[in-house]
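Listed below are the residues making up each chain.
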Amino acid sequence: MKLFLRLCKNPLSLTGLVLLTFFVGVAIAAPWLAPPPWPREPYRIARCGFSPIPQPPGVSNPIHGIRLIVTGQAPICRVRPFGTTGEGQYDIYYALVWGTRTAFKVGLYITGISLTIGLLLGSLAAYFGKYVDEVIMRIVDVFMAFPFLVAAMTLAAVLQPTIGRGLVTAMIALITFGWMGYARLIRGDILAVKERDYVQAARAAGAGHLRIIFRHILPNAIYPTMVMASMDIGSYVISFAALSFLGLGAEVGYADWGQVLAFARNWIPRLHEYWWIIVYPGTTLILFVLAWNLVGDALRDILDPRLRGRITV
Amino acid sequence: MWAYIVRRLLLLPLLIFLVTLFVFGMYSFLPPKMRASLYVQDVPRSPDAMERIIERYGLDQPIHIQYLRWMGNLLRGDFGWSKTAQRPVLEALAHYFPATLELALWALIPVIFIGIWLGILSAIHHNRPLDHATRVFALVGWSFPSYVYGLLLIMVFYAWLRWFPVGRVSQWVLQLEATGGFHRFTGMYTLDAILNGRPDVLADALRHLVMPIFTLAYIQWALLLRITRSSMLETLRQEYVMTARAKGLSERVVIYKHAVRNALIPVATVAGLLLIGLLNGVVITETIFNYPGLGRWAATAATQLDILSVLGFTLFNCGLLVLGNLFVDILYAVIDPRIRLE
């Protein structure tokens, strides 16, 4: 609670909190904000007609709309608040609303799973030391030798023939190359805590390895890693959208922000006429990431002054 | 210091071995028939062609034998055939590399000058409006995906204002090249233009480079800015800075002669991170601006499942990154004697 009040005092983190609350609200209210035309597949973006060029924000031709309803050719799509993409006539508003859920899912899953892997391996390395440490840290070195996005792109491409294109493939690719930072950080912090008197005391009292790690060491060493993870959520969402943008993320037609941005690439010579394809999804993505970064930045200053000015990639 | 360098060098072969093992691991995710199809350069004619290829390249052998064969091919410089580039992977790498190098070198100029300079400024003006402004700038920059930024640049400066074109050079330069009026010595147009004495080609190439340079550079500004700022703040609190001030030196001399030099030492360590950012950045940037370099080639290859090209590109990047980090560590040990004692 005290933490929350301190976050509210700083104008930057307050802005972040307000933005995050807004996005949580949108994610929860998605079925009411944008009723899905196919209720069983809410993540399939609603489509508005068959025109090959992007339709501007506004109300579509009512006669055309009625004809489509009567013939049952396309779902109802009378109002397009943010316009449509060109090919496929995907409704940008619908994609953005449901894409909020995708963004939360992607950010939290990727961060959560990489954090778990990193914590596990990092604490094993630090606690047991010697050759366990040596082996784990060499593995970390190997993964560090890959540039993050390039490696994720490669793995996503290689996994596609076996498990298909989709959210899971891209998330596996990003997690595989994303956990090392946490392992390194927690290892350093555990090494600093490991030889403290209270750990020795627990050991002398006969506590087992697991008990010492989970009850005595981790609670005293975990904060910096958690702060780092909170700051990474935004950048994972960016990376995932980047994979989607390159055509290696979510499948075509799946409500995902990077996906919509990828459509803008087809209209590059006349992008200023079809500005809505880039401006709306771009702003949404930036605000979402900015919200996490503002909160994470403030959390870092409050919880771990040591990390101030430290940049994580 | 030599012991430190030798230790780093001794770990290098192990690291390279493990990296190739991992890349091979990714490659062997693919089913044998898919891997066999990667070796096919034209449409197979006989019905048992697949089996013959699997046998010929040993794709049904135990995994360690396959790895050794694959490794042997790599060492002989055979990275396989790139379908997207229609030439061997190694040749394709060599073909696309100059374009990417040119872009990266140009992008370093704004990265280093604006990043470091703004960082120093914001440390000097600590907690004053300029500092807050750069903090917000860095945070917003950090949250701004490069593809959104690049597309916005395209929307304003290419589609709307028509100031800067996309691609690499204009059609007339290509024609000039085809008719023999322009020699490619290095593959980098800006350098070649100077060597050829053609200021018009130089201007054209630079006009094409402006938007990609700023897209590639801007995300790095935020990184450098924050690091320079915190390191500079740390340095300004040191006693020798106080001594310099107490001696009555002008603020200018104190900052630029005494503080900045020491503050830049930690900045050197992030050179490795900058390199990663650059390697990641070229994929996105080149794809958006249709700039024919390594990144665009790799992105196209990845979407068209031209796996050998992607793996070749990844290995190439890993090599660059490993060597780059080694170089940075050694450089760090040279400029900061305290590191060597570790």
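Computed from a prediction, not measured in an experiment: that's the story for all the values here.

Engineer: For this particular structure, what's the right way to read the overall build of chain A?
Structural biologist: Secondary structure summary: chain A contains 13 helices and 2 strands in total. Of all 313 residues assigned to chain A, the portion counted as buried reaches 56%. Counting only contacts in chain A whose residues sit at least 6 apart along the sequence, the fraction spanning at least 24 positions is 75%. Put simply, chain A shows about 13,600 Å² of open surface, and 66% of that area lies on carbon and sulfur atoms.

Engineer: Would you explain the packing of helix H5 (residues 89–124) of chain B against helix H12 (residues 251–269) of chain B in this entry?
Structural biologist: Axis angle and axis distance: for two packed helices, these are the angle between their axes and the distance between the axes, and together they describe the pair. Residue and element names in this part refer to chain B. The interhelical angle for the contact between H5 and H12, taken along N-to-C directions, is 120°, at an axis separation of 12 Å. It follows from the interaxial angle that H5 and H12 lie oblique. Handedness of the crossing formed by H5 with H12: right-handed. Of the residues in H12, those in contact with Ile-116, Ile-120 and Ile-124 of H5 are Ile-255, Tyr-256, Val-260, Leu-264 and Val-267. For the contact of H5 with H12, the class distribution of residues is 8 nonpolar, no polar and no charged.

Engineer: How should the domain arrangement of chain B be read in this particular structure?
Structural biologist: Residues and elements named next belong to chain B. Taken domain by domain, chain B comprises domain 1 (2–82) and domain 2 (96–341). Residue-level contacts link 19 residues of domain 1 with 15 residues of domain 2. Carbon and sulfur atoms make up 81% of the area that domain 1 and domain 2 hide from each other, which totals about 1,700 Å². The interface formed by domain 1 and domain 2 holds 0 salt bridges in total. Between the two partners, domain 1 and domain 2, sit 3 residue pairs in polar contact (both at pLDDT 80 or more). Taken together, the elements giving at least two residues each to the side of domain 1 that touches domain 2 come down to helix H1 (2–27), helix H2 (32–39), helix H4 (63–75) and strand E1 (81–82). Examining the composition of the side of domain 1 that touches domain 2, we find that 10 residues originate from one element, H1, more than from any other. Considering only residue class, the side of domain 1 that touches domain 2 consists of 15 nonpolar, 3 polar and 1 charged.

Cut-off values and rules
- Residues numbered from 1 in each chain as written.
- Chains lettered and ligands numbered in written order.
- Predicted model: local features only at pLDDT ≥ 70, side-chain atom pairs only at ≥ 80, totals over all residues.
- Heavy atoms only, no water.
- Helix = DSSP H or I, 4+ residues; strand = E, 2+ residues; numbered from the N terminus.
- Buried < 20%, exposed > 50% of the residue type's maximum accessible area, 1.4 Å probe, protein only.
- Contact = heavy atoms within 4.5 Å.
- Areas by Shrake-Rupley, 256 points an atom, 1.4 Å probe, with all protein chains shown as cover.
- Axes fitted to C-alpha atoms, helices over the stretch in contact; angles between N-to-C directions.
- Parallel < 35°, antiparallel > 145°, perpendicular 65-115°, else oblique.
- Left-handed = near helix turned anticlockwise from the far one by under 90°.
- Nonpolar A, V, L, I, M, F, W, Y, C, P; charged D, E, K, R; others polar.
- Domains from an automatic or database assignment.
- Buried area = accessible area lost by both parts, 1.4 Å probe.
- Salt bridge = Lys/Arg side-chain N within 4 Å of Asp/Glu carboxyl O.
- Polar contact = N/O pair within 3.5 Å; in protein donor to acceptor, adjacent residues only side chain to side chain.

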